[in-house]
Structure formats: structure tokens, C-alpha cells
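A closer look at the structure
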Amino acid sequence: MPQLNLHNSLTRRKERFEPADPAHVRMYVCGPTVYDLAHVGNARPIVVYDVVARLLRLLYPHVTYVRNITDVDDKINARAEESGEPIGVITARTTADFHADMAALGALPPDEEPRATAHIPEMIMIIQRLIASGHAYAAEGHVLFAVASDPDYGKLSGRSQDELRAGARVDVAPYKRDPGDFVLWKPSTPDLPGWDSPWGRGRPGWHIECSAMSWKYLGETFDIHGGGSDLIFPHHENEMAQSLCAFPGSRFARYWMHNGMLQVNGEKMSKSLGNFFTLREILAKAPAEAIRLLLLRTHYRSELDFSDHGLAEAKREVDRFYRALEQAPEAVATDVPAPVLEALCDDLNTPLAISAMHGLADAAMAGDRNAASALRAAGAVLGLLQQAPDAWFRGGPDDAADIEAIIEERLAARRSKNFARADALRADLAAKGILLEDGPKGTTWRRAN
């Protein structure tokens, strides 16, 4: 097996990955805040870290992948107030929608998916440790982390404490000792979610949630912490500070991975620009594997432009791969080919891995059945090419029954020698991108490339 190397955001360089325990690799990734449907930008980290988890499972005997659900948050409270729906109804429905959309993209579920509301005692315990060690203080029903108590604060984002203070809001809460101090616990009014605590009825700050859940399932020190680059500051910076201060001598996350942001058609995704799309809207107009391939065609640390043109290109690439797999309809178990595995072990270089897959497709279409099997194995580690070629080419909108009915009507027209009607039906299907192939075993159909 090749050596895995990853870019560590903490050290800002590519490093040899050496897990704390090679027999058990541990990874934590920040999951969704469940108040609305996932948008296409939310899908990128899910797919990226799904591939990381698949790769780790090829290289190591045991992997624990934890991705949380944030189900207590001011955005959820605001949505409940706007809609009049109970918070529990919103979070349950949105969590189910998230699971369905990510499953459609081929993302495997994490090993653990803790919900923030189920881990309030762990959050309170960590906050108590921080207060006892002088890293946090209670004020007016709030508990705040004292950034001045941590000389390493700012190390992940590369910002000095003076820069962080200068960037703090002018309108600073009067109970804060320092403008940069952040909330660990805050009071709740009777109409908001809240839990009893030593500081009164309240709810956790966002950052403490991930510290508590990663500690509960992965321990004080684990291997990889992942998320989008927009989380480096303040979320991951604050997570790291409070966890290291609560558990002196630990390392929290040994490697930090951050995926780049996503634009849509060359611009930042925004409802005001009319280019804000939920993943469900994209899934309604394009096959899930094409969406997944588009998300992987750009290196995970680079900014990705999600465009209609790119989606069409990705669809053609997946078509080509499935054409190659038609050369070996009987799946044969084989290892992931070395060029693909080596590319992925070089800081998850998915563009290079996909390029190697095109080489395998060339060989498969020239008649190399072993190359076709290797292509399918390569697809597996990327979460691609796991259905039968026939299913791919006949997939798409849920209209298979209608297509079969039209084909049956065309056959009936041919039997009655109404060839004009038969030709018209065939032309109608062709206009919709459905191609018919008449053969000795009857008529089959596929979607046009």
C-alpha cells in the first residue's frame, strides 16, 4: 500500500499521515445544522470526507468516522418562529431530508452521528473543567471562554490575538472581559430550548457542541478533523482552544483537513443572484453520479465552480465510464489499481485519480476485460460506478414505466402495419433523449449520451 500524505491546515504543509493508533483510525467531521434543505455547497464536504473514509478503510483495519447533527442553534429557533412549526418537527424532517439527499449522492453513513441535544451533560462537564482551570468565566447567565488565557489561540487560523481583537465587533457585550471571548453557554428564555445547568437554564454555544461530541466518541486526541475552509475561524479555532484547555496534554485533532468553497456558475452562491440551489433541485435535473463526479473533479482544497456546463461534462464522463464497463458485464473482484490509489494517497488528488480512470476506460473499450474490472474497483473508492451499465443508461427521471408503455404501443403499431404511427412514436422518444434499439430479442432502450 502507498503511504498516505495529507495537507494539515494546522501546520500549513503536506505531511505523512501517521495515526495515533494504526489499528484504529479516528475522524470527526462537522455535520449539518438542520433547519433547511441542504444546498449544493453543503454536499461538497459530505462527498469529500466520504472518499477520505473509504480510502482510510482500504489502508487501515478499523476506522471510526463521526459526523454530528447540530439540532440546537439560533438559526433553527428563527426558522421555528418564522414558520410556526415546533423545533422538533423542523429538525426531525430536515435531518431525514439530509439523510435522503446524501444517500442519493452515494455518501455512506458515518459510524456515529451524534445529535447535539443528546450530549448536553458532556458539554456542561467540559465547561466546568474550563472554569475550574481559569480558561472560562460565568457572567450574567453566560459562560465565556477567555481567549487571553490561551497563548496558542489563533494558531489554526494564523491570526494573532491583536488581529482577532481588532476584528471583533465594536458593539461588545458588557459582560465580556475581552472582545474576542466567545460563548460556551447562554441563557434561554422560556420560549426557547433550554436545559438546567449550574449557571441557570440555558443552551450551549455552537463551538462547545463539537468539542463534546468528538471527545465522547473519539477521545481527547484523535487523528483527523475535517470541514469546510469557512469553518477554520471561528468555529475550528474555538473548538481547538477549548478542547486543548479542557484536556491538558491532549492534542485534540492531529491533522486538520479543510475543503475549499463552492461557487455556482462563476459566482458566490446567493439567493439574491438567483444561483442558490438546493441539492434536491440539482438531483431533479441531473443524475446523482454526475453531480458526485463534478464535486470530485476539482481538488478538494481548491475552490470549485459548479456550473451547468461542468455538470454536462461530468455526465458525459460517467457515460464513458459505463460504456467501458459494458465490456465486462460480469463484475470481477480486484484491487484498486495502483495509479488511482497513489493519486488518492497524495492528499486526496481526485482529479489525478479520475484521469487514471480514463486510461482504464480506454483499455477496457479496446477489449481489456481486466481494465474494466479495475475501473469498477477504482470507482468504488470514489463512490462511483457501482450500478450496472444498463441501469445507468436507463436511469434518470422516474418515467421508465411511461417509456415502456410507449414502446409497447409502438410494437402494437408495427404489428398492425401502422408504420407511420410506429415511426412517430420512435421520433417522439428520440426528441426526449430516449433511443430505441430493435434486435432479435425485442426492443431495448437507453438514454442518449
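Since the structure is predicted, the reported quantities are computational estimates derived from the model, not experimental observations.

Regarding its fold elements, the protein presents 16 helices and 15 strands. Along the first, second and third principal axes, the C-alpha set of the protein runs to 90 × 55 × 35 Å. For the protein, buried positions account for 50% of its 449 residues. Summarising the internal contacts of the protein: among those between residues at least 6 apart in sequence, 73% fall at separations of at least 24. Treating the 50 positive side-chain charges of the protein as one cloud and the 61 negative ones as another, the clouds have centres 3 Å apart.

The tally for this structure, following the rule as stated, stands at 10 aromatic pairs. With a centroid separation of 5.9 Å and 80° between ring planes, the pair formed by Phe17 and Tyr60 is classed as edge-to-face. Of the two residues, Phe17 is situated in the loop between strand E2 (13-16) and strand E3 (25-29) and Tyr60 in the loop between helix H1 (40-59) and strand E4 (63-67); the sequence distance between them amounts to 43 residues. As far as the burial class goes, Phe17 and Tyr60 line up, both buried. Taken together, Tyr28, Phe222, Phe252 and Trp256 form an aromatic cluster joined through their ring pairs. Sitting above the plane of the Tyr137 ring, Arg177 keeps its charged end 3.9 Å from the centroid.

Here we come to helix H10 (residues 308-325). In this model H10 runs 26 Å from its N-terminal to its C-terminal C-alpha over 18 residues, within 8% of the 26 Å that 1.5 Å per residue would give. Here H10 has its buried residues at Gly310, Leu311, Ala314, Glu317, Val318, Asp319, Phe321, Tyr322, Ala324 and Leu325. Along its buried surface, H10 packs onto helix H8 (279-285), helix H9 (288-296), strand E13 (304-306), helix H12 (350-365), helix H13 (369-382) and helix H14 (389-394).

A separate point is the pattern of salt bridges. If you walk through the whole model with that rule in mind, you get 27 salt bridges. A salt bridge links Arg323 to Glu326, with the nearest nitrogen and oxygen atoms 3.8 Å apart. In this structure, Asp438 engages Arg410 in a salt bridge whose closest nitrogen and oxygen atoms are separated by 2.9 Å. Of the two residues, Asp438 sits in strand E14 (residues 434-439) while Arg410 sits in helix H15 (residues 400-415), which places them 28 residues apart along the sequence.

What follows concerns the sheet that holds E3. Strand order in the open sheet formed by 4 strands is E4-E3-E9-E10, and the pairing between neighbours is parallel. At either end of the open sheet lies a strand with only one pairing partner, and these are E4 and strand E10 (252-259). Taking the axes of each pair of neighbouring strands and ignoring which way they run, one obtains an average angle of 20° across the sheet. Across the sheet, helix H6 (residues 206-218) lies against E3, E4, strand E9 (221-228) and E10, angled at about 160° from E3, the strand it touches most. Sheet strands in contact with helix H7 (residues 232-246) are E9 and E10, and its direction is about 175° off that of E10.

A few words now on the layout of surface pockets. Space inside the largest pocket adds up to approximately 1,300 Å³. Considering the residues around the largest pocket, the lining is formed by 48 residues, among which Tyr35, His39, Asn42, Lys75 and Asp230 are closest to the centre. Listed by contribution, the elements that provide at least two residues to the lining of the largest pocket are H1, helix H2 (74-83), helix H3 (87-104), strand E8 (202-204), H6, E9 and strand E11 (262-264). Take the lining of the largest pocket: its biggest share by element is 5 residues, from H1. Residue composition of the lining of the largest pocket, grouped by class: 18 nonpolar, 17 polar and 13 charged.

This part is about the packing of H1 against H9. It is at 10 Å that the axes of H1 and H9 come closest, and there the two elements cross at 80°. With respect to H9, the axis of H1 lies roughly perpendicular. Two secondary-structure elements touch here, H1 through Ala43, Arg44, Val47, Asp50, Val51 and Arg54 and H9 through Arg292, Leu295 and Leu296. Class assignment for the residues of the contact of H1 with H9 results in 5 nonpolar, no polar and 4 charged.

So, on to the nonpolar core. Of all hydrophobic cores here, the largest spans 76 residues; its most connected members are Leu56 and Phe306. Residue contributions to this core peak at 12 residues, all from H1. Those residues in contact with Phe306 that sit more than four places away from it in its chain are Val40, Leu262, Gln263, Val264, Asn265, Ile282, Ile291, Leu294, Leu295 and Leu311. Tyr28, Met123, Leu184 and Leu218 belong to the second largest nonpolar core, which has 37 residues in total.

Turning our eyes to something else, we now look at the pairing of E9. Here E9 lies mainly inside the structure; 7 of its 8 residues are buried. With 3 bridges joining them, E3 and E9 adopt parallel strand pairing. Within the sheet, the bridge partner assigned to Tyr28 lies in E9 and is His225. Two strands pair when backbone bridges link them, and E9 and E10 are joined in this way by 7 bridges, in the parallel orientation.

Here strand E6 (residues 142-145) shows two buried faces, one formed by His142 and Leu144 and the other by Val143 and Phe145. Pairing between strand E5 (residues 136-139) and E6: 4 bridges, direction antiparallel. Within E6, the position partnered with Ala139 by the bridge is His142. If you look at the hairpin formed by E5 and E6, you'll find 2 residues sitting between the two strands, and Glu140 has a positive phi there, around 55°. Bridge analysis of E6 against strand E7 (residues 182-187) gives 3 bridges, and the strand direction is antiparallel. Considered in E7, the bridge of Val143 is made with Trp185.

Reading guide: rules and limits
Along each chain, numbering runs from 1 in the same order as the chain's sequence is written. For a predicted model such as this one, the threshold for reporting local features is a pLDDT of at least 70, and the threshold for listing and counting side-chain atom pairs is 80 or more; totals across whole chains, interfaces and linings nevertheless cover every residue. Only heavy atoms go into the side-chain values, all of them from the structure, while hydrogens and water stay out. Helix and strand labels come from DSSP, where a helix needs a run of H or I of at least four residues and a strand needs a run of E of at least two; each type is numbered from the N terminus. Accessibility here uses a 1.4 Å probe with only protein chains present; expressed as a share of the type maximum, an area under 20% marks a residue as buried, one over 50% as exposed, and anything in between as partly exposed. We call two residues in contact whenever any of their non-hydrogen atoms come within 4.5 Å of each other. We treat Lys and Arg as the positive residues and Asp and Glu as the negative residues; His and chain ends play no part in the count. By convention, the point assigned to a charge is CZ for Arg, NZ for Lys, CD for Glu and CG for Asp. Pairing of aromatic side chains requires ring centres within 6.5 Å, counting the rings of Phe and Tyr and the six-membered ring of Trp. Pairs whose planes differ by under 30 degrees are stacked, by over 60 edge-to-face, and all others tilted. Here, a charge over a ring means that NZ of Lys or CZ of Arg falls within 6 Å of the ring centre while also lying within 35 degrees of the ring normal. For a helix, the expected span equals 1.5 Å multiplied by the number of residues minus one. Put simply, a salt bridge is a Lys or Arg side-chain nitrogen that is within 4 Å of an Asp or Glu carboxyl oxygen. Between any two strands, pairing holds if DSSP finds at least two bridges. Only the stretch in contact is used when a helix axis is fitted, and all axes are lines through C-alpha atoms; the angle between N-to-C directions ranges over 0 to 180 degrees. Think of a 1 Å grid over the protein atoms and nothing else: a 1.4 Å probe that fits but is trapped marks a cavity, an open set flanked by protein within 12 Å on at least five of seven lines marks a pocket, and residues with an atom within 4 Å of a point count as lining. Grid points are joined across faces, edges and corners, and a volume is the space filled by probe spheres set on the points. Three classes are used, and their members are as follows: Ala, Val, Leu, Ile, Met, Phe, Trp, Tyr, Cys and Pro are nonpolar, Asp, Glu, Lys and Arg are charged, and the others, Gly among them, are polar. Any angle that is under 35 degrees is reported as roughly parallel, and any over 145 degrees as roughly antiparallel; angles of 65 to 115 degrees are reported as roughly perpendicular and all others as oblique. Nonpolar cores are built from buried Ala, Val, Leu, Ile, Met, Phe, Trp, Tyr and Cys residues. Side-chain atoms within 4.5 Å join them into one set.

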